[in-house]
Amino acid sequence: MDLAYIPSPSTGVIHLGPIPLRGYAFCIIIGVFVAVWLGNKRWVARGGTAGTVADIAVWAVPFGLVGGRLYHVITDYQLYFSDGENWVDAFKIWEGGLGIWGAIALGAVGAWIGCRRRGIALPAYADAIAPGIAFAQAIGRWGNWFNQELYGKPTDLPWALKISEGVNREAGLYHPTFLYESLWCVGVGFLVIWADRRFKLGHGRAFALYVAAYCAGRVWTEYLRVDEAHHVLGLRLNVWTAIIVFLLAVVYLVLSARMRPGREEIVEPKKAEKDAKDEKAGDAADAEPEDAASDTDTDTGKSETSETSEEPDTEKSGNGAGSAAKS
């Protein structure tokens, strides 16, 4: 008898009248809002304008969703294009299946487009949103719990995940890899926030730290999973991807620190120019009253001098008239 386990939802969809509310999509949406909210706070703290992160996210999020879905469909093509499968299911993103590797890669392209339109450097933007992305992943992983997918090997641990019988799955108790990865992502988010404050990371290094830390955790959580996947040299494809991306992130951290030490002083040039103009206009406005006062004092001094200079002439004229009368 199992005394303790994590239950799975009986369904991943709640119907609000004719409108289906899917747990997977709900988790993704909440994650996006958290990432944008935290990214905006960090961006403003770096000297940027409020709302810039959301404006760029309008480009990054759709690109990321498309990239994540493409990676999943390409790497698990047999689920959609093999005999007996319906290829139309490849478009049913609400049923689960987003590859974080494709989401980050194509999402970065969308962010680059948004940054170009705002005249902003992509590395600075990436640093601002890095911990928010980690927290968004932590929330998004609970979407897998709603869909009863991506669980690990069988276990009798007290925190085992109970899976019910379904398509391509057997009932039983398994490692809750969704929970492991969710907690790991929360830790990654706080790690990036701490390291950024402690070492003043810049030029994309906060984002590189997030990537490296996430990949380190993804290796062991991926190893526990039992869902169908392609293998290369005895390891799951995603394990190899995590190892390669981890190494690339570490190399970037080292080279970037040597080539471009420190942190960007200005993250949003247009805002900096506007602030400089406003400050200059303010200084000019403060100087005007002083100039006016100086002009008034000068005019007063001139008047007093004129009056003083006229008095001797009057006396001289009077003395002259008196002399003439005496004569």
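Our subject is the structure listed above.
Residues numbered from 1 in each chain as written. Predicted model: local features only at pLDDT ≥ 70, side-chain atom pairs only at ≥ 80, totals over all residues. Heavy atoms only, no water.

What to know about the overall build of the protein chain
Then, number 1: Each helix and strand in the protein chain was counted, giving ten helices and six strands.
Then, number 2: Relative to its 327 residues, the protein chain shows a buried fraction of 38%.
Then, number 3: A fraction of 71% describes how many contacts in the protein chain between residues 6 or more apart in sequence connect residues 24 or more apart.
Then, number 4: Summing over all exposed atoms, the protein chain offers an accessible surface of approximately 19,300 Å²; the carbon and sulfur share of this is 64%. (Helix = DSSP H or I, 4+ residues; strand = E, 2+ residues; numbered from the N terminus. Buried < 20%, exposed > 50% of the residue type's maximum accessible area, 1.4 Å probe, protein only. Contact = heavy atoms within 4.5 Å. Areas by Shrake-Rupley, 256 points an atom, 1.4 Å probe, with all protein chains shown as cover.)

Overview of the pattern of salt bridges
Two side chains that carry opposite charge are able to pair once their charged atoms sit near each other.
Then, number 1: On inspection of all chains with the given rule, the structure shows twelve salt bridges.
Then, number 2: One salt bridge connects Arg-42 with Asp-196, and the closest N-O pair in it is separated by 2.8 Å. Of this pair, Arg-42 sits in helix H1 (residues 23-45) while Asp-196 sits in helix H7 (residues 177-199), and the two are 154 residues apart along the sequence. No difference in accessibility class separates Arg-42 from Asp-196, as the two residues are buried.
Then, number 3: Across the pair Arg-46 and Glu-264 runs a salt bridge whose closest N-O atoms are separated by 2.9 Å. Taken as a pair, Arg-46 in the loop between H1 and helix H2 (52-75) and Glu-264 in the loop between helix H9 (237-259) and helix H10 (269-326) lie far apart in primary sequence, 218 residues in all. (Salt bridge = Lys/Arg side-chain N within 4 Å of Asp/Glu carboxyl O.)

Structural notes on the packing of aromatic side chains
Then, number 1: On inspection of all chains with the given rule, the structure shows 13 aromatic pairs.
Then, number 2: Taking 5.2 Å as the distance between ring centres and 65° as the angle between the ring planes, the aromatic pair formed by Phe-135 and Phe-190 counts as edge-to-face. Taken together, the positions of Phe-135 in helix H5 (residues 122-140) and Phe-190 in helix H7 put the pair 55 residues apart, joining distant regions of the chain.
Then, number 3: On the basis of relative accessibility, which here comes to 14%, the residue Phe-135 falls in the buried class.
Then, number 4: Classification of Phe-190 by relative accessible area gives exposed; the value is 53%. (Phe/Tyr/Trp six-rings, centres within 6.5 Å; stacked < 30°, edge-to-face > 60°.)

Some remarks on empty space enclosed by the protein
Then, number 1: Enumeration over the complete set of coordinates arrives at one cavity of 30 Å³ or more.
Then, number 2: The calculated volume of the largest cavity comes to roughly 30 Å³.
Then, number 3: The element that contributes the greatest number of residues to the lining of the largest cavity is H7, accounting for three residues.
Then, number 4: A per-class count over the lining of the largest cavity returns two nonpolar, two polar and three charged. (1 Å grid on protein atoms, 1.4 Å probe; cavity = no way out; pocket = protein on both sides within 12 Å on 5 of 7 lines; lining within 4 Å. Points joined across faces, edges and corners; volume = space filled by probe spheres on them. Nonpolar A, V, L, I, M, F, W, Y, C, P; charged D, E, K, R; others polar.)

Section: the layout of surface pockets
Then, number 1: Approximately 180 Å³ is the volume attributed to the second largest pocket.
Then, number 2: Along its surface, the second largest pocket is lined by Arg-42, Ala-45, Arg-46, Ile-193, Asp-196, Arg-197, Lys-200 and Arg-263.
Then, number 3: When contributions to the lining of the second largest pocket are tallied by element, the ones reaching two or more residues are H1 and H7.
Then, number 4: For the lining of the second largest pocket, the leading source of residues is H7, giving three residues.
Then, number 5: Here the lining of the second largest pocket is built from residues that sort into two nonpolar, no polar and six charged.

Here we look at a nonpolar patch on the surface
Then, number 1: Where nonpolar side chains cluster on the molecular surface, the patch consists of Tyr-77, Phe-81, Trp-87, Val-88 and Phe-91 and spans about 590 Å² of accessible area.
Then, number 2: Tracing the sequence through the fold places Trp-87 in the loop between helix H3 (78-81) and helix H4 (100-118). (Patch = residues over 30% accessible without salt bridge, like charges linked within 9 Å, V, L, I, M, F, W, Y side chains within 5 Å.)

Here's the deal with the nonpolar core
Nonpolar side chains in soluble globular proteins tend to be buried together.
Then, number 1: Ranked by size, the top nonpolar core spans 38 residues in total, and within it Trp-43, Trp-101, Tyr-125, Val-192, Phe-207 and Tyr-210 carry the most contacts.
Then, number 2: At the level of secondary structure, the elements contributing two or more residues to this core comprise H2, H4, H5, H7, helix H8 (205-224) and H9.
Then, number 3: If sequence neighbours within four positions are ignored, Trp-101 has contacts with Tyr-71, Tyr-214, Cys-215, Arg-218, Asn-238, Thr-241, Ala-242 and Val-245.
Then, number 4: Counting residues in hydrophobic clusters, the runner-up holds seven residues, among them Tyr-151, Ile-163, Tyr-174 and Leu-179. (Core = buried A, V, L, I, M, F, W, Y, C linked by side-chain atoms within 4.5 Å.)

Focus: the pairing of strand S1 (residues 13-16)
Then, number 1: Inspection of the sheet shows S1 paired to strand S2 (residues 19-22) by four bridges, in the antiparallel sense. Along S2, the bridge assignment pairs Leu-16 with Ile-19.
Then, number 2: Between S1 and S2, which pair antiparallel in sequence order, lie two residues; one of them, Gly-17, sits at a positive phi of approximately 70°. (Pairing = 2+ DSSP bridges.)

Observations regarding H8
Three or four residues apart is the spacing at which side chains of an α-helix point the same way, because the helix has 3.6 residues per turn.
Then, number 1: Taking 1.5 Å per residue as the helical rise, H8 with its 20 residues ought to reach 28 Å, and the 30 Å between its terminal C-alpha atoms agrees with that figure.
Then, number 2: Of all the bends in H8, the greatest measures close to 25° and is centred on Arg-218.
Then, number 3: Within H8, 16 of the 20 residues are buried, which leaves it mostly tucked inside the rest of the structure. (Expected span 1.5 Å × (residues − 1). Bend = angle between axes of the 7 residues up to and from the residue.)

Honestly, it's all geometry; don't read function into it.
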